Amino acid sequence: MYESGEDYLEAILRLQLENGFCRSVDVANKLAVSRPSVSRAMSLLEKDGFVEFGMGNMLKLTEKGKAKAEDVYNRHKLLTVFLQKITGLPEDQCEENACRVEHQIDADVVAGIQKWVDSNK
């Protein structure tokens with residue numbers, strides 16, 4: 001999956017956690033992209049079985065979509081915490097950098113970081 005697809009899935013998950021629901025316009029606002037861009041992305045994600053549309057054009061993650069979104073979001077949170085601990089920099093700066101890294105990092109590196117964070121609480 002492309003980085004942008006992961007960003008869309010993560011945005012849907014975060015919006016659902018924050019608001020209890022998610023619409024395409026919410027995703028557009030969160031990611032600062034156009035509504036047509038969201039529409040195109042949702043069509044592709046729906047075709048690939050990651051999202052479906054509910055009543056009132058509410059976006060819903062499928063089980064497959066939720067699993068992928070949670071994986072990305074968990075990496076994002078872990079990397080943010082890790083970067084804060086090792087750099088002492090502000091959370092917003094660490095979160096911005098975590099967002100860029102979360103898409104490229106290997107699973108075994110994530111596991112190693114998790115182990116380090118767990119032992120350095």
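Use the structure listed above.
Residues numbered from 1 in each chain as written. Predicted model: local features only at pLDDT ≥ 70, side-chain atom pairs only at ≥ 80, totals over all residues. Heavy atoms only, no water.

**Student:** Explain the overall build of the protein chain residue by residue, including any values.
**Tutor:** For the protein chain, the count of helices and strands is six helices and two strands. Its helices and strands in sequence order give the protein chain the pattern α-α-α-β-β-α-α-α, from N to C terminus. For 121 residues, the compact-globule formula gives about 14 Å, and the C-alpha radius of gyration of the protein chain, at 15 Å, lands near that figure. The principal-axis extent of the C-alpha atoms belonging to the protein chain is close to 45 × 25 × 25 Å. (Helix = DSSP H or I, 4+ residues; strand = E, 2+ residues; numbered from the N terminus. Rg over C-alpha atoms; globule rule 2.2 N^0.38 Å.)

**Student:** Explain the packing of aromatic side chains residue by residue, including any values.
**Tutor:** Applying the stated criterion to the full structure yields one aromatic pair. Taking the centre distance of 5.3 Å and the plane angle of 90° together, the rings of Phe82 and Trp116 count as edge-to-face. Residue Phe82 is found in helix α4 (residues 63-87), and its partner Trp116 is found in helix α6 (residues 107-119); the two are separated by 34 residues along the sequence. Overall, the relative accessible area of 17% leaves Phe82 in the buried class. Judged by relative accessible area, which is 32%, Trp116 ranks as partly exposed. When the ring centre of Phe50 is taken as reference, the NZ or CZ atom of Lys64 above it lies at 4.5 Å. (Phe/Tyr/Trp six-rings, centres within 6.5 Å; stacked < 30°, edge-to-face > 60°. Buried < 20%, exposed > 50% of the residue type's maximum accessible area, 1.4 Å probe, protein only. Lys NZ or Arg CZ within 6 Å of the ring centre and 35° of its normal.)

**Student:** Tell me about the packing of helix α1 (residues 3-19) against α4, and please be specific about residues and values.
**Tutor:** Two elements in contact, α1 and α4, have axes separated by 8 Å at closest approach and are oriented at 90°. Here α1 is positioned roughly perpendicular relative to α4, judged by the angle of their axes. Across the interface between the two elements, Glu6, Leu9, Glu10, Leu13, Arg14 and Leu17 of α1 pack against Gly65, Lys68, Ala69, Glu70, Val72, Tyr73, Arg75 and His76 of α4. Class assignment for the residues of the contact of α1 with α4 results in six nonpolar, two polar and six charged. (Axes fitted to C-alpha atoms, helices over the stretch in contact; angles between N-to-C directions. Parallel < 35°, antiparallel > 145°, perpendicular 65-115°, else oblique. Contact = heavy atoms within 4.5 Å. Nonpolar A, V, L, I, M, F, W, Y, C, P; charged D, E, K, R; others polar.)

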